[in-house]
Amino acid sequence: MVINVNLTAERPTFVTHLECSWTGEIYEADRPHNLSRAGKPLLVRYDLDGLRASISKDEVSQRPNDLWRWREFLPVRRVADIVSLGETDTPLIPLSRSAKAAGGGEVLVKDEGRLPTGSFKARGLVMAVSMAKAFGIEHLAMPTNGNAGAALAAYASRAGIRATIFCPEDTPEINLGEIALQGASVYRVNGLIDDCGKLVAQGRDTTGWFDVSTLKEPYRIEGKKTMGLELAEQLGWELPDVIFYPTGGGTGLIGMWKAFAELEAIGFIGSKRPRMVAVQADGCAPMVRAYEAGAETATRWENAHTIASGIRVPQAVGDFLILRAVRESGGFAIAVSDEAITDAVTSVAQNDGLLLCPEGAATMAAYQQALADGRVRKDEQIVLFNCATGLKYPMPPVHASLDRNKPIDFFKLR
Ligand SMILES: Cc1ncc(COP(=O)(O)O)c(C=O)c1O
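Just so you know, these numbers come straight off a predicted model, no measurement behind them. (Residues numbered from 1 in each chain as written. Predicted model: local features only at pLDDT ≥ 70, side-chain atom pairs only at ≥ 80, totals over all residues. Heavy atoms only, no water.)

J.: Even after reading the chapter, I still don't get unusual backbone geometry, so can you show me in this structure?
T.: Excluding glycine, most residues fall at negative phi; most peptide bonds, likewise, are trans. With phi around 60 degrees, Asp30 is a residue other than glycine that occupies positive phi space. Its location among the elements puts Asp30 in the loop between β2 (26-28) and β3 (42-46). Taking relative accessible area as the criterion, Asp30 reaches 42% and is therefore assigned partly exposed. With a phi angle near 50 degrees, Asn303 is a residue other than glycine that sits in the positive phi range. Along the chain, the position of Asn303 falls in the loop between α11 (286-293) and α12 (319-328). Overall, Asn303 belongs to the exposed group, its relative accessible area being 67%. (Helix = DSSP H or I, 4+ residues; strand = E, 2+ residues; numbered from the N terminus. Buried < 20%, exposed > 50% of the residue type's maximum accessible area, 1.4 Å probe, protein only.)

Pasting the structure below:
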């Protein structure tokens, strides 16, 4: 049997405390937390000098290529608490033909659909569930637009923890089915994700479940941070010029921004940062509106609608963290139409053979828009995030059929 040392070797860990992202107030490590007293997300802090002294770039690169090679950067203290389903590194796939057709240059897709449960939500939930296991938590609950629920269901079942999940009623059927099949209790709710979040909060006192909503517990972001760590390593410890990220709750964008700061603090990278671009749909664009208004926080987007359900998040508790990262990086927030999303799914599938999820396709549509309006240049290296496998989403119907008992005119077949 092949042993993955990332899952068997005890390694030093460096968490010192948690910190309120709004007030800077300090919280104790190694115990369950939700939001800070100010009602804002908590961020995990590390002894970065200790981390720097304990690990080198070469050592990280030589370890098996998965999320757990970053143990020293992560909060899980003991290997026994790791609840792994094989969180492999995800590849960077060049979109050469699509980029050329758009008049662009180097475009790489980080294809997160290769992760367990088919989406990048595995990164956040493997961490939250491993920490829940370490804390002996017995019941987790969460609102979800689909993919996060699927990841929670899978990891919770694997850890022997109960999970209860609330979805907007039009959540893709495949997500509802995978959540149920992977052992969680799942409910459709006649509302949006923030309405589902209210039910999780309301039920907490009665049930005693622990709320693992996006950014309402501090460890999902540490898992999502590995997207930034991994990207830096894959690009030879250089970061790209621009990152386009489909932004709902924004955990990945905030997590990557945190990862880059930690990598610089320990001397793995220099001060160069990518411009972070928050991509939303024009039927639900609270970050774009706040960015354009110069606001520090965002107001709720009413009547939110888009085919990209993962980014249909009318209000995000980490709004100010998303806006800060975008602005500090010199990036921007941009909205694209559902039509542009659908066109991007088709054109990338047909030109480059890669099936994007609608949210991933939104980043391609945003790239095309930003290239056309001059916000990105052709000579810049671009990374798009395809956050889930395109295989989870509805496909176009195929009507062509042949009767094998009748003569076929093969010249007429394409
Ligand atoms: C496929 C997909 N892309 C993007 C997102 C948004 O991710 P985040 O909450 O990190 O902004 C989601 C969240 O549900 C998703 O499922």
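Following the structure, the description resumes.
J.: When you look at the pairing of strand β11 (residues 275-281) in this model, what are you seeing that I'm missing?
T.: On a regular strand, each side chain points to the face opposite its neighbour's, so the side chains alternate between the two faces of the sheet. Across the seven residues of β11, seven count as buried, placing the element largely inside the fold. Alternating positions in β11 separate into two faces, Arg275, Val277, Val279 and Ala281 on one and Met276, Ala278 and Gln280 on the other, with burial throughout. With helix α10 (residues 251-265) bridging strand β10 (residues 242-246) and its parallel neighbour β11, the resulting β-α-β unit is right-handed. (Right-handed = clockwise from strand over helix to strand, strands pointing away.)

J.: For this particular structure, what's the right way to read the pattern of salt bridges?
T.: Any two side chains of opposite charge can pair, on the condition that their charged atoms come close. Taken as a whole, this structure holds 28 salt bridges when the rule is applied. Its salt-bridge partner being Glu262, residue Lys225 comes within 2.8 Å of it at the nearest N-O pair. Here Glu262 lies in helix α10 and Lys225 lies in the loop between α8 (220-224) and α9 (226-234), a separation of 37 residues in the sequence. Glu262 shares its class with Lys225; the two are buried. With its nearest N and O atoms 2.6 Å apart, the salt bridge here joins Glu264 to Arg273. Note on Glu264: relative accessible area 32%, which makes it partly exposed. Taken together, the salt bridges that share partners define one network made up of Lys110, Glu112, Arg123 and Glu230. (Salt bridge = Lys/Arg side-chain N within 4 Å of Asp/Glu carboxyl O.)

J.: For this particular structure, what's the right way to read α11?
T.: Within an α-helix, residues lying three or four positions from one another point in the same direction, as the helix has 3.6 residues per turn. Those residues of α11 lying buried are Pro286, Met287, Val288 and Ala290. Here the buried face of α11 lies against β11, α12 and β12 (332-336). (Contact = heavy atoms within 4.5 Å.)

J.: For this particular structure, what's the right way to read the packing of aromatic side chains?
T.: Working definition: an aromatic ring pair is given by the centre-to-centre distance plus the angle between the planes. The tally for this structure, following the rule as stated, stands at 13 aromatic pairs. For the ring pair Trp70 and Phe73, a centre distance of 5.4 Å and an interplane angle of 80 degrees mean the geometry is edge-to-face. On the basis of relative accessible area, Phe73 is assigned to the buried category, the value being 0%. Aromatic pair Trp70 and Trp237: ring centres 6.3 Å apart, planes at 80 degrees, arrangement edge-to-face. With a gap of 167 residues between them, Trp70 in the loop between α2 (57-62) and β4 (92-94) and Trp237 in the loop between α9 and β10 connect regions that are remote in the sequence. You'll find Trp70 and Trp237 in the same group, each marked buried. Three or more aromatic residues joined by ring pairs form one cluster here, namely Trp70, Phe73, Trp237 and Phe268. (Phe/Tyr/Trp six-rings, centres within 6.5 Å; stacked < 30°, edge-to-face > 60°.)

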